[in-house]
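Report on the structure
This is what each chain is made of:
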Amino acid sequence: MSESPTPPGERDADGPDGDAPDGDGRWLTKGVAGVGLASFFSDSGHEIATAALPGFLSSTLHAGAGVLGVIEGLSDALTGLTKLAGGPLADRPRRRAALARGGYLVTALATGAIGAATAVWQVAVLRALAWGSRGVRSPSRDALLASLAPRHAYGRAFGVERAGDNLGAVAGPLLAALLVSLIGVRHAMYCAAGPGLLAAVSITFAAREARRTYADADNRARVRYDVAALRRAGIARPLVPIAMFEMGNAATTLLILRATELLHTGTRSATAAASLAIVVYAAHNAFAALVAYLAGHWLDRAGPRPVFVTGAVCYVAGYGLFAAGPHGWPALLAAFVLAGCGIGCAEPSESSLLAWMLPDAMRGSGFGVLGAVQAVGDLASSAAVGLAWSLFGPAVGFGYAAAWMLASAAMGLGPWLRTRDTRA
């Protein structure tokens, strides 16, 4: 892919690969908005559960932090595996709607059912089912979104989807705090199913609009990864800087922990520090949503390279602040905002890049591979940063993550983020 999208006069019309036509230039259609709303509602729901889960395990089931860590680690790993498994299923256009709708529905029901758990193993099974369903649906949702948006607006479409997801990460914890104070932690877990069900409704409306783009699509192909075809399309090359980026993308819980420790000073209690750290974290998600939306517009004008590199550089600066260890909340707010800007730039870049590179019949597989790379990288990064933190201190841990981000930025400046699609 060249540095900038093809001029409007040279864009291809709707072709046999199932891409949405440019039409009259409109890109924020009901379908694109429906996918964005689905991400917002779904993330709101499971963020309610994520925020309430530690209290539910400790106060209701009398389990400790170790149990929570095992449950979350296994669930995150399962998400990566199911994204990989769901990839080739999403290559079949007519199956995408059912997979996306079913994934949102099962995630919602399994998340809400955690409130009825009476044993830790039940929580583990339901959380794994919810996260596994998230993984299966993701390639179908992304491939569905690419079929709804015109090529010249992939950046904006994926920016809207990522903005919705990050806004859900702001709304979810706030709703959780309100619900826990009003009706208790168990009933708050039940309520987590509500937004997820709205997500299933939203994706259903989006899928109805997408039907026109694959009415004549061939759905007889075998469900499998065509590794040779993906390699010929050039997918391996951009995955190098993306994998480096994900190797530095530490879990936000580590950022919250670092902020909590730094804010716990002689004049501020541990409880007050934890509360302030969560508020500052909300700013991270809010900026990630705003930047994702703006980055989508930038992507469509400049291509993925400058946006991706900017995201990595923002992380380098943010991790530098976390490593330096300021005790004042303004500096920590700046660190969280920089990290939010980083993820807001990177995620739409990665998704748009694959949508531009691959034909419709291969996008499900491409998004599945991307999801697996992201999940494995994030898991490895969080484990490595946490271990380095424990052995050598937080400065070393965040320095390790910053080094990976710096390497991904340097690699992104080279030819690695070019594709062979001259139309984007």
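Since this is a predicted model, take the numbers as computed values, not measurements.

Parameters and conventions
- Starting afresh in each chain, residues are numbered from 1 along the sequence in its written order.
- Only residues with pLDDT of at least 70 are given local features in this predicted model, and only at 80 or more are side-chain atom pairs given and counted; all residues enter the totals for whole chains, interfaces and linings.
- Based on all heavy atoms of the structure, the side-chain values leave hydrogens and waters out of the count.
- Numbering of helices and strands runs from the N terminus; a helix is a DSSP stretch of H or I covering at least four residues, while a strand is a stretch of E covering at least two.
- The rule is simple: take the accessible area with a 1.4 Å probe, protein chains only, and divide by the maximum for that residue type; under 20% is buried, over 50% is exposed, in between is partly exposed.
- Contact between two residues is taken to exist if any of their heavy atoms lie within 4.5 Å; hydrogens are not considered.
- Each accessible area is a Shrake-Rupley result for a 1.4 Å probe, and residues are judged covered by the shown protein chains and nothing else.
- Multiplying 1.5 Å by the residue count of a helix minus one yields the expected span of that helix.
- Throughout, the arc means the angular range of directions from the helix axis out to the C-beta atoms.
- Simply put, an axis is a line fit to the C-alpha atoms, just over the touching stretch for a helix, and the angle between two N-to-C directions goes from 0 to 180 degrees.
- Roughly parallel means an angle under 35 degrees; roughly antiparallel means over 145; roughly perpendicular covers 65 to 115; every other angle is labelled oblique.
- The hand of a helix crossing depends on one turn: near helix anticlockwise from the far one by less than a right angle means left-handed, and clockwise means right-handed.
- Polar here means any residue other than Ala, Val, Leu, Ile, Met, Phe, Trp, Tyr, Cys and Pro, which are nonpolar, and Asp, Glu, Lys and Arg, which are charged; Gly is therefore polar.

Regarding its fold elements, the protein presents 15 helices and zero strands. Residues classed as buried in the protein amount to 55% of the 424 residues present. Counted over contacts in the protein with a minimum sequence separation of 6, partners at least 24 positions apart contribute 87%. Accessible surface, the protein: about 16,700 Å² in total, of which carbon and sulfur atoms supply 68%.

Considering the arrangement of structural elements, one finds His 46 in helix H1 (residues 30–60). Look past the residues within four positions of His 46 in its chain and what remains in contact with it is Thr 111, Arg 127, Trp 131 and Arg 134.

Moving on to helix H15 (residues 394–412). In an α-helix, one turn spans 3.6 residues; hence positions three or four apart end up facing the same way. An ideal rise of 1.5 Å per residue puts 27 Å on 19 residues; H15 measures up with 27 Å between its terminal C-alpha atoms. Taken together, the buried positions of H15 are occupied by Pro 394, Gly 397, Phe 398, Ala 401, Ala 402, Met 405, Ser 408, Ala 409 and Gly 412. End-on view of H15: buried residues confined to an arc of 125°, all on one side of the axis. The exposed set on the far side of H15, more than 90 degrees from its buried face, consists of Leu 406 and Ala 410.

Let's shift gears to the packing of helix H9 (residues 236–247) against H15. It is at 7 Å that the axes of H9 and H15 come closest, and there the two elements cross at 165°. By the angle between their directions, the pair H9 and H15 is classed as roughly antiparallel. The handedness of the crossing between H9 and H15 is left-handed. Contacts between H9 and H15 involve Val 240, Pro 241, Met 244, Phe 245 and Met 247 from the first element and Tyr 400, Trp 404, Met 405, Ala 407, Ser 408, Met 411 and Gly 412 from the second. The class makeup of the residues in the contact of H9 with H15 is ten nonpolar, two polar and no charged.

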